[in-house]
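# Survey of secondary and tertiary structure
Chain by chain, the residues run as shown.
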Amino acid sequence: MGNSLSALKEHGYSLVREEQNKILVKNEGGDQFVVKKLSANQDESKFLLHLSHPHIVQHKEFIRDSDCSYLVLEHCEGGDLAQKIQNKREENVMFPENEILDWIVKICMALKYLHDQQILHKNLQPKSIFFTTFGTIRLGEFGVVHQRSTEEQTENELSSYVAPEILNDKPYEEKTEIWRLGCLIYELCMLKCAFSATLTVETVKKILTSSYEDLPKTFSKDLHQLVTDTLQTDPADRPSVSEILTRPFIINYLREKNMQTITSLYRTLEELRAVANDLERVHFNATVGSLTGGVIGLAGGITSIAGLVLSPFTLGASLIVTGVGISAAVAGGVTAGASNITNMVNQQTNRQKIKMLIKEFQEKISSTVCCIQNIQIAVETLERQFSTSNDSFCNAQPGANAGARLGRGLGGIPEILRVIEVVNVGNVAAQAARAIRVAETATGVLSALFVAVDVFFVFLDSKEIHNMRHDYALRESQQESESTSNQTAGSTDQTSNNSDTTNLLPSNAQQAEELKSETMKFVTKIKETTEELQKIMDTLRDALHPN
């Protein structure tokens, strides 16, 4: 991999570790990425760089080398779905239905995004589905990349997810991916493949006849029906991914799940406001006194930031950190504060934690907006199709079949009417449009806070803080020297030495003022951000409750 490392270094990446056909690297900012080695020209894969969806792995860039190409993509530290399934097998514990539904709905949204652009994934399976550090599901390992980067798939892996039409030498199309989706749902429910046997010929027979063991009755009728519909041997009988997202139980789930997410984000805003208030209080109470007390007070204030911002994402456990921070701030009269804050700031963990929390907030907002868009499209589609099918029934036209198709697997016509009534079509359309606009605003607001965190911590870690520590130590040293020389020198010399020492104080005072100024800038940025995010969250909430 010598050549690859050279090419990667030229693009600002350093090696973390190598794993077969995958290289883990990091950039100068410390963010990690996965690099996949591709054996062929990358032109046919360039579309990956233009994909932008909260549930699709982010592809950053292609790097061309002398004899191959490298694809740099997002590193999903949460592992892949195959690992989660294997863990459940070992524990002999099933996934809860809500978790299965959450993953499937978001995979469907990713597939819809692709299919709307006439893009096929061509490799849908547990190994191609990943999770971020925060648990956000991402669809990756596109067939166009996977097939050129590895030959690790076994014959059994290939055959267990292959669709009947592929075995019959028919082309791969969107409905083929629906079959693979059905296989995926089944494996999540049963922790085993729908179509597997000791001999390949037996597996093929099961696929061609769609012969599989029924799901347990503990799963809902809606999920049973979804598996049945997606594993139809005739592609024409399978629903499209858009039709799956139109099912009332999916719409209801999306609304309920995202209201929970928004509620949790509201709590985050309240605690973020508390951060600003506490830090501002620390600023006035602990920095106005002595220089050393002020420094340790700020150290406590900064620690409280890490704790309060972290708590919504750690079920409150990090409030312990907050308590320690505020206690440190109150005890601002303790000396040696410069040393304490320097030690804390030199550990980049606090800055990284806050930045990661901002990223998580952004992930959740992006996913929520995507869900709102899908709810809007689904409800509008339901109303339009229901109206069309009613006309067809009344006129006894062939289109009456559309009504039957719409009702099958959707909980029946009454359930469709109830969803249309509960989710007012006109209102949800207007709110969804607003949600899309504020999503762009949220990105900018969170990015600005992200930068503010860097600016604040970089300042704290700058030479002024180190100089403050140095000046403090120098002052102590000169005072000791003063004491020694006083034993042999007269009172005039002592006055002169004291005068020299006093000259150090304006430098310390000036740096303390700078420290207070940067703190207040950071407090202001937090407050401005929470106000903007409040408006954004209100819009998202209204989009889910339009009536």
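Everything that follows concerns the structure shown earlier in this document.
Just so you know, these numbers come straight off a predicted model, no measurement behind them.

## As for the layout of surface pockets
- Considering only enclosed or pocket space, the largest pocket measures out at about 1,400 Å³ in volume.
- If you go around the largest pocket, you meet 45 residues; those closest to its centre are Q58, E74, R138, Q362 and E363.
- Contributing elements (two or more residues each) for the lining of the largest pocket: β3 (32-38), β4 (59-64), α3 (97-115), α15 (349-394) and α18 (425-460).
- It is α15 that contributes the most residues to the lining of the largest pocket, 13 residues altogether.
- When its residues are assigned to classes, the lining of the largest pocket shows 18 nonpolar, 16 polar and 11 charged.

## Things to note about empty space enclosed by the protein
- Under the defined criterion, the tally for this structure stands at 2 cavities of 30 Å³ or more.
- By volume, the second largest cavity amounts to about 40 Å³.
- If you trace the second largest cavity, you find it lined by K36, H59, L71, L73, G140, E141 and V145.
- When the residues that make up the lining of the second largest cavity are grouped by side-chain class, the tally is 3 nonpolar, 2 polar and 2 charged.

## Brief notes about the state of the cysteines
- Scanning all chains against the criterion turns up 0 disulfides.
- Cysteine C370 shares no disulfide, and the gap to the nearest cysteine sulfur, in C371, comes to 5.8 Å.

## Topic: unusual backbone geometry
- With a phi angle near 65°, D169 is a residue other than glycine that sits in the positive phi range.
- For D169, the position within the fold is in the loop between α6 (164-167) and α7 (174-190).
- With a phi angle near 60°, L191 is a residue other than glycine that sits in the positive phi range.
- Assignment of secondary structure puts L191 in the loop between α7 and α8 (200-209).

## Points about the packing of aromatic side chains
- Summed over the entire model, instances satisfying the criterion amount to 7 aromatic pairs.
- Where F47 meets F142, the ring centres are 6.1 Å apart and the plane angle is 75°; that geometry is what we call edge-to-face. Taken as a pair, F47 in the loop between β3 and β4 and F142 in the loop between β7 (137-139) and α4 (143-149) lie far apart in primary sequence, 95 residues in all.
- When its relative accessible area of 1% is taken as the criterion, F142 is described as buried.
- Centroid distance F95 to W103: 5.2 Å. Interplanar angle 75°. Geometry classified as edge-to-face. Taken individually, F95 and W103 each receive the classification buried, so the pair is uniform in this respect.
- Through a chain of ring-to-ring contacts, the aromatic side chains of W179, Y186, F195 and Y212 assemble into a single cluster.

## Let's talk about the pattern of salt bridges
- Within this structure, the stated rule accounts for 16 salt bridges.
- For the salt bridge of E74 with R138, the shortest nitrogen-to-oxygen distance reads 3.0 Å. Of the two residues, E74 sits in strand β5 (residues 69-74) while R138 sits in strand β7, which places them 64 residues apart along the sequence. Each member of the pair E74 and R138 is classed as buried.
- D229 is the partner of R247 in a salt bridge, and the nearest nitrogen-oxygen pair spans 2.8 Å.

## Some remarks on the sheet that holds strand β2 (residues 22-26)
- Overall, antiparallel pairing links the 5 strands, which are arranged β1-β2-β3-β5-β4 in an open sheet. Taken across any chain shown, the strands that pair with only one partner, and hence form the sheet edges, are β1 (14-19) and β4. Geometrically, the sheet is characterised by an average inter-axis angle of 25° between neighbouring strands, direction not taken into account.
- Direction of pairing for β4 relative to β5: antiparallel, over a ladder of 5 bridges. Bridge pairing links R64 to S69 in β5.

Cut-offs used in this document
- Residues numbered from 1 in each chain as written.
- Predicted model: local features only at pLDDT ≥ 70, side-chain atom pairs only at ≥ 80, totals over all residues.
- Heavy atoms only, no water.
- 1 Å grid on protein atoms, 1.4 Å probe; cavity = no way out; pocket = protein on both sides within 12 Å on 5 of 7 lines; lining within 4 Å.
- Points joined across faces, edges and corners; volume = space filled by probe spheres on them.
- Helix = DSSP H or I, 4+ residues; strand = E, 2+ residues; numbered from the N terminus.
- Nonpolar A, V, L, I, M, F, W, Y, C, P; charged D, E, K, R; others polar.
- Disulfide = S-S within 2.5 Å.
- Phe/Tyr/Trp six-rings, centres within 6.5 Å; stacked < 30°, edge-to-face > 60°.
- Buried < 20%, exposed > 50% of the residue type's maximum accessible area, 1.4 Å probe, protein only.
- Salt bridge = Lys/Arg side-chain N within 4 Å of Asp/Glu carboxyl O.
- Pairing = 2+ DSSP bridges.
- Axes fitted to C-alpha atoms, helices over the stretch in contact; angles between N-to-C directions.

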